[in-house]
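Structural overview for review
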Amino acid sequence: YSNHYLTGLGISNSSGSEEANVVITVFDNHGRIILTDTMLIVPDGQKTKVLYTDSTQHGWSRIISDQPLTGVCFLIAAGSESDNFMADIPLSPKTYTQLHVPHVSSDNSWDTHLFIAKPNDINETVYIDVIASDGTQTASFNNTIVARGSIDFSLSSLLQGKTLVGGKIKMAASGGFVAFALYTNIKTGARSFAGINPMEPF
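Residues numbered from 1 in each chain as written. Predicted model: local features only at pLDDT ≥ 70, side-chain atom pairs only at ≥ 80, totals over all residues. Heavy atoms only, no water.

This next bit is on the overall build of the protein chain. Across its full length, the protein chain holds 1 helix and 16 strands. Relative to a compact globule of 202 residues, whose C-alpha radius of gyration would be 17 Å, the protein chain shows 18 Å and is just as compact. When each of the 202 residues of the protein chain is scored for burial, the buried share is 40%. Counted over contacts in the protein chain with a minimum sequence separation of 6, partners at least 24 positions apart contribute 71%. Carbon and sulfur atoms make up 50% of the accessible area of the protein chain, which totals about 10,500 Å². Of the charged side chains in the protein chain, 12 are positive and 18 negative, and the gap between their average positions amounts to 4 Å. (Helix = DSSP H or I, 4+ residues; strand = E, 2+ residues; numbered from the N terminus. Rg over C-alpha atoms; globule rule 2.2 N^0.38 Å. Buried < 20%, exposed > 50% of the residue type's maximum accessible area, 1.4 Å probe, protein only. Contact = heavy atoms within 4.5 Å. Areas by Shrake-Rupley, 256 points an atom, 1.4 Å probe, with all protein chains shown as cover. Lys, Arg positive; Asp, Glu negative; His and termini not counted. Charge placed at Lys NZ, Arg CZ, Asp CG, Glu CD.)

Right under this line is the structure:
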């Protein structure tokens, strides 16, 4: 959160008969708690909340409820030089051992930014492969994420100047993780972002 950027939540109580007691915990990328908050949602009700964290921190949010929920996290930038966007991130009900971002690009027009969080209490290495549209491996990368920590990086930084027009990213970790990606349009000079949830192969 800052003057031009904010992260928020829109959460709906799926129970038609019971109040939902919701606990929100925000962790920085080192796994440290930087914000805790609560909300009470009436049966079948819905609430939104802006997460007022320190603007220098990057991380992820954990949501715990005594009733089933649906919801979305939203990232917004407005009036901050060239950044104007809104990206929605559906809440993830579980962790995954493998995820794919089915379409990525990195050139003078496009880039892809990847966010990976480790919501459990163990350090673990996440393995990332970048695959070109013809099926060849273009780059590989691994990074150990601390317990309850996270990492984020751009595809262009991973490719170190190489161009990739179409392809995918494969991620794997035996202990489970969650991830999110943002496409970045850089060809006009006024950046815009669209979010995509990485997908479990099916």
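Now for the side chain of Asp-28. As for its position among the elements, Asp-28 is in strand β2 (residues 20-28). Classification of Asp-28 by relative accessible area gives buried; the value is 1%. A distance of 2.9 Å separates a polar atom in the side chain of Asp-28 from the backbone nitrogen of His-30. Asp-28 has contacts with Ile-34, Gln-57, His-58, Gly-59, Arg-148, Gly-149 and Ser-150, leaving out every residue within four places of it along the chain. (Polar contact = N/O pair within 3.5 Å; in protein donor to acceptor, adjacent residues only side chain to side chain.)

Let us now look at the sheet that holds strand β3 (residues 33-41). The strand order β3-β2-β5 describes an open sheet built from 3 strands, whose pairing is antiparallel. Each edge of the sheet is formed by a strand with only one pairing partner; in this case those strands are β3 and β5 (59-65). The sheet shows a mean angle of 15° between the axes of neighbouring strands, taken without regard to direction. Sheet topology places β2 next to β3; 8 bridges connect them, and they run antiparallel. In the strand pairing of β3, Ile-24 is matched with Asp-37. (Pairing = 2+ DSSP bridges. Axes fitted to C-alpha atoms, helices over the stretch in contact; angles between N-to-C directions.)

A word on unusual backbone geometry. For Asp-44, which is not a glycine, the phi torsion comes out positive at approximately 60°. Residue placement: Asp-44 occurs in the loop between β3 and β4 (46-50). Residue classification places Asp-44 among the exposed positions, given a relative accessible area of 57%.

On to the pattern of salt bridges. Scanning the model with the defined rule gives 5 salt bridges in all. Note that Arg-32 is salt-bridged to Asp-28, the shortest N-O span being 2.9 Å. Its salt-bridge partner being Asp-37, residue Lys-49 comes within 3.3 Å of it at the nearest N-O pair. Here the residue Lys-49 occupies a position in strand β4, and Asp-37 occupies one in strand β3, the gap between them amounting to 12 residues. Judged by relative accessible area, which is 27%, Asp-37 ranks as partly exposed. (Salt bridge = Lys/Arg side-chain N within 4 Å of Asp/Glu carboxyl O.)

Another aspect to go through is the environment of Leu-75. Summarising the element assignment, Leu-75 is placed in strand β6 (residues 69-80). Residue classification places Leu-75 among the buried residues on the basis of a relative accessible area of 18%. Spatially, the C-alpha atom of Leu-75 lies 31 Å from that of Ser-17, the residues being 58 residues apart in sequence. Not counting residues within four places of it along the chain, the set of residues in contact with Leu-75 comprises Leu-6, Thr-7, Phe-85, Met-86, Ala-87 and Ile-89.

Turning our attention to the side chain of His-100. Within the secondary structure, His-100 sits in strand β8 (residues 96-101). Not counting residues up to four positions away in its chain, the partners in contact with His-100 are Lys-168, Ile-169, Lys-170, Pro-198, Met-199 and Pro-201.

A few words now on the nonpolar core. Grouped together as the largest cluster of nonpolar side chains are 26 residues, with contacts concentrated most on Ile-116, Ile-169 and Met-171. For Ile-116, the contacting residues outside a window of four places in its chain are Val-126, Ile-128, Ile-145, Gly-149, Ser-150, Ile-151, Phe-153, Met-171, Phe-177, Val-178 and Ala-179. Of all hydrophobic cores here, the second largest spans 19 residues; its members include Met-39, Leu-51, Phe-180 and Phe-193. (Core = buried A, V, L, I, M, F, W, Y, C linked by side-chain atoms within 4.5 Å.)

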